Amino acid sequence: MTITIGIIGAGVMGADHAKTIATQVPGAQLGAICDADLARAKDVAAATGAATATTDPLSVINDPKIDAVVIASPDATHAPLTIASIRAGKPVLCEKPLAPTSADCLTVIEAEQQAGRRLVTVGFMRRFDPAYVAMKSALSGGAYGRPMMFHCFHRNVSAPAWFTSEMVITNSAPHEFDIARFMLDTDYVAITAFAPRAADSAKKATPVVMVLETGAGQLVNIEVNVDAAYGYDVRGELVCQNGTISLRSPVVAESNLSLAQTTAYPADWRPRFADAYRLELQAWVGAIRSGKPVGASAWDGYAATHVAEAGVKALASGVREQVNLAKAPKLYV
Ligand code: ISE
């Protein structure tokens, strides 16, 4: 049975997902591309062979020919469109964040609990990235002993002038909040956040350095710099009792010229995490068939947003803020 997918949002991520589904996800096809800009929806539909283009997301979600929904529209629309998908009984892959506020995340969790089954996957694609998968597999083998610290660096080439330090925490850092929680299989109890003096007064965002404490006494430090300039660069080193495990970013070529050896950084996250997005979409379509959910749940989406809210508070207060995550409902355990 071919899974027919509707994509809501034809911007950077929606177009990327459409291309991946059209070319690298066997057993899936594109039934509709939806965007507030009909011309953009039509362009993506034409480029990927999607059957229709529309500006009406609910017409996609409620179309009986659509089996599943990918939400890659603006963040503020994620919760209401995810809830509409749940109510239509459709599996939904919602790009991060599940919602900009933890209160809105809880409305999605409430709807999914009423449905009585997991329908929501949140697009924390790093869980499918081969480097993070290898790190988690090595850790689970036991030879490294107890993980104590996780050093994370997340650097973008540049962000728009309107991007703020708070958005560094709410928009970019949730990837680390989720992957470290997934890697260590624990929850956070506190967060402290620091920002250096801005290097460029024309920019609103500064780098942000956060230290998170887990319930198991571990430390996760995260540097996010959205104006790193030199390249898109995500690093991670897990420090365990008997050794360390570090991520290696995929290097597709190494050039030797004029007495210099160089490798290139990607310009943004899409090349660095292309495998992760592909594997996430393939696993999600497989899960729709098997009925066994994969990837980050709505609860994981809530946890990331909840930690981000505490991080924004910590940046403003300059003191250690508690992270009080409620106990996950049975549906998510
Ligand atoms: C963006 O939304 C992403 O999800 C990227 O993975 C991240 O690197 C970037 O900082 C975010 O703005």
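Below, the structure is looked at part by part. (Residues numbered from 1 in each chain as written. Predicted model: local features only at pLDDT ≥ 70, side-chain atom pairs only at ≥ 80, totals over all residues. Heavy atoms only, no water.)

Considering the sheet that holds strand 10 (residues 219-225)
One open sheet accounts for seven strands, arranged 12-11-7-10-9-8-15; its pairing is mixed. Where the open sheet ends on each side, the last strands, each with one partner, are strand 12 (244-246) and strand 15 (321-322). Bridge count between strand 8 (residues 188-194) and strand 9 (residues 208-214): six bridges; the pairing is antiparallel. Considered in strand 9, the bridge of Ala193 is made with Met210. Along the sheet, helix 6 (residues 130-140) contacts strand 7 (147-155), strand 11 (233-240) and strand 12; its crossing angle with strand 11, the most-contacted strand, is approximately 0°. (Pairing = 2+ DSSP bridges. Helix = DSSP H or I, 4+ residues; strand = E, 2+ residues; numbered from the N terminus. Contact = heavy atoms within 4.5 Å. Axes fitted to C-alpha atoms, helices over the stretch in contact; angles between N-to-C directions.)

So, helix 2 (residues 38-48)
Where helix 2 is concerned, the buried positions are Ala41, Val44, Ala45 and Thr48. One face of helix 2 carries all of its buried residues, which in axial projection span an arc of 100°. Facing away from the buried side of helix 2 by over 90 degrees, the exposed positions are Asp43, Ala46 and Ala47. Tucked inside the fold, the buried residues of helix 2 contact helix 1 (12-24), strand 2 (28-34) and strand 3 (52-54). For helix 2, the N-terminal capping position is held by Asp37, with its side-chain oxygen 3.0 Å away from the main-chain nitrogen of Ala39. A positive phi of about 75° marks Gly49, the residue just after helix 2. (Buried < 20%, exposed > 50% of the residue type's maximum accessible area, 1.4 Å probe, protein only. Arc of directions from axis to C-beta. Polar contact = N/O pair within 3.5 Å; in protein donor to acceptor, adjacent residues only side chain to side chain.)

Here's the deal with the pattern of salt bridges
Following the criterion strictly, the structure yields 15 salt bridges and no others. For Arg155, the salt bridge identified is with Glu223, shortest N-O distance 2.7 Å. Of the two residues, Arg155 is situated in strand 7 and Glu223 in strand 10; the sequence distance between them amounts to 68 residues. The salt bridge involving Glu321 is made with Lys313; its shortest N-O contact spans 3.6 Å. With relative accessibility at 11%, the residue Glu321 sits in the buried group. One network of salt bridges, with partners in common, ties together Arg127, Asp178, Arg181, Asp187 and Asp300. (Salt bridge = Lys/Arg side-chain N within 4 Å of Asp/Glu carboxyl O.)

Here's the deal with the site of the ligand
Around the ligand, the neighbouring residues are Lys96, His154, Asn156, Asn171, Ser172, His175, Tyr232 and Trp269. One of the side-chain nitrogen or oxygen atoms of Lys96 is found 3.0 Å away from an oxygen atom of the ligand. At a separation of 2.8 Å, an oxygen atom of the ligand approaches a polar side-chain atom of His175. Summarising the interface, the protein chains cover 88% of the accessible area of the ligand, which totals 300 Å² for the free molecule. For the shell around the ligand, the class distribution of residues is two nonpolar, five polar and one charged. (Near = heavy atom within 4 Å. Areas by Shrake-Rupley, 256 points an atom, 1.4 Å probe, with all protein chains shown as cover. Nonpolar A, V, L, I, M, F, W, Y, C, P; charged D, E, K, R; others polar.)

A short note on the environment of His306
Here His306 is to be found in helix 11 (residues 298-317). Placed twelve residues apart in sequence, His306 and Val294 show a C-alpha to C-alpha distance of 21 Å. Leaving out residues up to four positions away in the same chain, His306 has contacts with Ser102, Val323, Asn324 and Leu325.

Points about the packing of aromatic side chains
Two descriptors summarise a pair of aromatic rings, namely the distance from one centre to the other and the angle between the planes of the rings. One pass over the full model with this rule turns up five aromatic pairs. Considering the side-chain rings of Tyr232 and Phe273, the 6.4 Å spacing of their centres and the 85° angle between planes classify their relative orientation as edge-to-face. Of this pair, Tyr232 sits in the loop between strand 10 and strand 11 while Phe273 sits in the loop between helix 9 (269-272) and helix 10 (274-290); the two residues are 41 residues apart in sequence, bridging distant segments of the chain. On the basis of relative accessibility, which here comes to 0%, the residue Phe273 falls in the buried class. With a centroid separation of 4.8 Å and an interplanar angle of 50°, the aromatic rings of Trp299 and Tyr302 are classed as tilted. Within this pair, Trp299 and its partner Tyr302 are both found in helix 11, separated by three residues, close to a single helical turn. For the residue pair Trp299 and Tyr302, the accessibility class agrees, reading buried in each case. An aromatic cluster is defined as three or more aromatic residues linked by ring pairs; in this entry it consists of Trp299, Tyr302 and Tyr332. Here Lys136 stacks its cationic end above the ring of Phe182, 4.7 Å away from the centre of that ring. Its end group placed over the ring of Phe273, Arg272 keeps NZ or CZ at 4.3 Å from the ring centre. (Phe/Tyr/Trp six-rings, centres within 6.5 Å; stacked < 30°, edge-to-face > 60°. Lys NZ or Arg CZ within 6 Å of the ring centre and 35° of its normal.)

Observations regarding the side chain of Glu95
Within the secondary structure layout, Glu95 lies in the loop between strand 5 (92-94) and helix 5 (102-115). Once you skip the residues sitting within four places of it in the chain, Glu95 turns out to touch Met13, His17, Ile71, Ala72, His78, Gly123 and Tyr277.

So far we have only geometry, and geometry alone does not tell us how the molecule works.
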